[in-house]
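Remarks on the overall topology
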Amino acid sequence: MNSDRDPSETMPLRVAVQEESREVPDDEADLPEPTARGRKTAVVLSIVTVLLATGVGAGLLWAGGGGKTPGPEAGPKIRQVAVVKTDISGVREMEGTLGYDSVRTIRGVGEGVVTWLPKQGVTVARGEQLYRVDERPTVVFYGSTPMYRRLDTPGSVGRDVRVVADNLKAVGYDIGQQPAVGAVVRQRAPVDQQTSADAGSSTASEADQTAEPGSGPPPSAQGDDAGQETGAGQPAEDRTGAGQSPTPARQVTVKEGDGVLTEGLMAAIKRWQKSLDIEPTGILESSDVVVTRSAVRVSEVSAQTGDAAANDLLSVSATTKSVRIPVETLDLGTIKAGQKVTVLLPDGTETGGEVATIGTTIKADQEGESGTGVSKINVTVSVDDAEAVKGIDAAPVQVRFEAEAKKGVLAVPVGALLALREGGYAVRLAEGRSADGRSAAGRLVPVETGMFARGVVEISGEDITEGMKVEATA
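Residues numbered from 1 in each chain as written. Predicted model: local features only at pLDDT ≥ 70, side-chain atom pairs only at ≥ 80, totals over all residues. Heavy atoms only, no water.

Looking at an unreviewed UniProt entry, one finds the protein named Peptidoglycan-binding protein and attributed to Streptomyces fungicidicus.

**Looking at the overall build of the protein**
Here is the rule we go by: Think of it this way: any DSSP run of H or I at least four residues long counts as a helix, any run of E at least two long counts as a strand, and we number them from the N terminus. The cut-offs for exposure are 20% and 50% of the maximum accessible area for each residue type, with area from a 1.4 Å probe on protein chains only; residues under the lower value are buried, those over the upper are exposed, and the others partly exposed. Residues are treated as being in contact if the distance between any of their heavy atoms lies within 4.5 Å. The accessible surface values rely on the Shrake-Rupley method and a 1.4 Å probe; as for residues, cover is taken only from the protein chains in view.
Secondary structure assignment for the protein yields seven helices and 24 strands. Going through the 474 residues of the protein one by one, you find that 34% of them count as buried. Restricting the contact set of the protein to residue pairs at least 6 apart, pairs at least 24 apart contribute 69%. Carbon and sulfur atoms make up 50% of the accessible area of the protein, which amounts to about 27,300 Å² in all.

**Some points on the sheet that holds strand β7 (residues 136-142)**
Operational definition: For two strands to pair, DSSP has to find at least two bridges joining them. Only the stretch in contact is used when fitting a helix axis, every axis being a line fitted to C-alpha atoms; angles between N-to-C directions are given from 0 to 180 degrees.
Taken in spatial order, the four strands line up as β4-β6-β7-β12 in an open sheet, and their pairing is mixed. Taken across any chain shown, the strands that pair with only one partner, and hence form the sheet edges, are β4 (114-116) and β12 (289-292). The sheet shows a mean angle of 35° between the axes of neighbouring strands, direction not considered. Pairing of strand β6 (residues 129-133) with β7, which is carried by four bridges, proceeds in the antiparallel orientation. What sits directly across from Tyr131, in β7, is Thr138. On top of the sheet, helix α5 (residues 159-170) reaches β7 and β12; it is set at about 90° to β7, its chief contact.

**Focus: the nonpolar core**
Rules: Only buried Ala, Val, Leu, Ile, Met, Phe, Trp, Tyr and Cys residues count toward a nonpolar core, and they belong to the same one when joined by side-chain atoms within 4.5 Å.
The biggest cluster of nonpolar side chains holds 22 residues, and the ones touching the most others in it are Val164, Leu168, Leu265 and Trp272. Apart from residues lying up to four places away in sequence, Val164 is in contact with Phe141, Met147, Leu151, Leu265, Ile269 and Leu284. Of all hydrophobic cores here, the second largest spans 21 residues; its members include Met94, Val327, Val343 and Leu345.

**Details of the side chain of Asn167**
Structurally, Asn167 can be placed in helix α5. The buried category is assigned to Asn167, whose relative accessible area is 0%. Those residues within four positions of Asn167 in sequence are excluded, and the remaining contacts are Arg126, Phe141 and Tyr142.

**Side note on the sheet that holds strand β5 (residues 123-124)**
Taken in spatial order, the four strands of this open sheet run β3-β14-β13-β5, and their pairing is antiparallel. Each of the sheet's edge strands pairs with one partner strand only, and the pair in question is β3 (104-107) and β5. The pairing of strand β13 (residues 296-301) with strand β14 (residues 312-318) spans five bridges and is classified as antiparallel. Each bridged residue has a counterpart across the sheet, and for Val296 the counterpart in β14 is Ala318.

**What about helix α7 (residues 263-275)?**
Inclusion rule: The span expected for a helix works out to 1.5 Å for each residue beyond the first.
Its 13 residues give α7 an end-to-end C-alpha distance of 19 Å, which sits within 8% of 18 Å, the value for a rise of 1.5 Å per residue. Residues of α7 that are buried: Glu263, Gly264, Leu265, Met266, Ala268, Ile269, Trp272 and Gln273.

**Details of α5**
A rise of 1.5 Å per residue sets the reference length of α5, with its twelve residues, at 16 Å; its end C-alpha atoms lie 16 Å apart and thus fit the reference within 8%. For α5, the secondary structure elements touched by its buried residues are β7, β8 (157-158), β11 (259-260), α7 and β12. Downstream of α5 by one or two residues, Gly172 has phi in the positive range, about 110°.

**Things to note about the pattern of salt bridges**
Operational definition: For this analysis, a salt bridge means a side-chain nitrogen from Lys or Arg found within 4 Å of a carboxyl oxygen belonging to Asp or Glu.
This structure, assessed with the given rule, holds 15 salt bridges. Between Lys340 and Glu354 there is a salt bridge, with its nearest N and O atoms 2.8 Å apart. Placement of the pair is Lys340 in strand β16 (residues 340-344) and Glu354 in strand β17 (residues 350-367), with a sequence separation of 14 residues. A relative accessible area of 27% places Glu354 in the partly exposed class. Among the salt bridges present, the one from Glu458 reaches Lys406, with a minimum N-O distance of 3.2 Å. Placement of the pair is Glu458 in strand β23 (residues 456-460) and Lys406 in strand β19 (residues 395-413), with a sequence separation of 52 residues. The exposure class assigned to Lys406 is partly exposed, which follows from its relative accessible area of 27%.

**Thoughts on the side chain of Arg297**
Relative to the elements of secondary structure, Arg297 occurs in strand β13. On the basis of relative accessibility, which here comes to 12%, the residue Arg297 falls in the buried class. If we ignore the near neighbours within four places in the chain, the residues touching Arg297 are Tyr100, Gly121, Val122, Thr123, Ser315, Val316, Ser317, Ala318, Thr319 and Asp393.

**Describing the environment of Asp152**
Convention followed: Within 3.5 Å is the distance limit for a polar contact, defined as a pair of N or O atoms, with the added protein rule that one can donate a hydrogen and the other accept it, and that residues adjacent in sequence qualify only through two side-chain atoms.
For Asp152, the position within the fold is in the loop between β7 and β8. Residues Asp152 and Leu284, spaced 132 residues apart in sequence, show a C-alpha to C-alpha distance of 6.7 Å. With sequence-adjacent residues up to four places away left out, Asp152 is seen in contact with Pro190, Val191, Asp192, Leu261 and Ile283. A polar contact is formed between the side chain of Asp152 and the side chain of Arg150, at a distance of 2.8 Å. One polar contact links Asp152 to Thr153, side chain to side chain, over a distance of 3.1 Å.

**So, unusual backbone geometry**
Even without a glycine there, the phi angle at Ser102 is positive, about 50°. Tracing the chain through its elements places Ser102 in the loop between β2 (84-100) and β3. A relative accessible area of 59% places Ser102 in the exposed class. Backbone geometry places Asp134, a non-glycine residue, at a positive phi of 50°. By the element assignment, Asp134 lies in the loop between β6 and β7.

Right under this line is the structure:
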């Protein structure tokens, strides 16, 4: 019998032979020999009939009649390779998107009509207008705290005030002296609630608003005259005008990072407003300023002049570019902040980069009709050479991550690994001798796998040695 025949073809014949040579029961022993032989023949014919019906026997009979059966399909070519000791450096390439950083939508505040918008692609720096509503400009200031309130109360304290003070000073305005951390500041009534006489007396000095740390209470709170302002002879509570009830003053301690709306700062605001051709009130509206971390690039203009201001007006981004890569959470273990990478640009050139941030917000991308979500997280890669990506606004790129390098490890081509039914991997020996002198070719040797890189895999095991020959796919 041909040893190369598929087992599914030979098994029915084995069954047939076993059936034919069975022992004859006692109740058939007395039957005439033709009858017993007839039953045996019937059994064999029945089995052959079944085989013919299933197509297996028909193939065998046709082959016995001189027909040709198709040979087995050719499998992958096998070659012999040696286990080598080498250095492995893992390299992974991932697809990302090169574009401008920190895209943000700007929405107008309050009532009014949009009267001017910038062009897409322009850069807007500190002190420059970003858009206009009712011909009143909204200007870019740098900082991290947005303008969340109307600054109209002398003595107001907060990080938003610090943003105003720092930016006016940066563009050349004298803002006077800012109270030190720990100073106690007395807040007065809003400017537009004060009488002109009260406003005139309050501009004489800023000393009644602040006190240096460790110098005791502010002058307005010293001695028995704590209820009066120093030198003004006025009640501690602010006057709100004729016929209105006085508003008690509040005392606030300046903390780290705070600014104070002093008379000097309000005077600087007035001079700045005059330069913008708007009424110099010294009051800063929350819609007068958009706070960004640095200069911004207008990436998209979504509104038109004549639209209501309280809508999405435009989108801005940082002027720097980076690559954003969605990475499955299982792959994050090999990516570290500060890791050096290579960015392959669309024109085939390369530039260096570095893993800047690993996001904390995980999102699930829907894949397939089943809706199974794959958890991914954005990894941001900064680009070392801004000139290398100067002419690219947005484009898909490849990012090459250099993984940990291992030196002097045993390795074979990935095609030498055989997956075991019980789990794990093994390699098949191509030659060699066992302890009793017999050929060991064809024996499976279990292995532990390590780093995979560039088509080879690190292996280790009790019986794995350098130079031993194993089988691998060609």
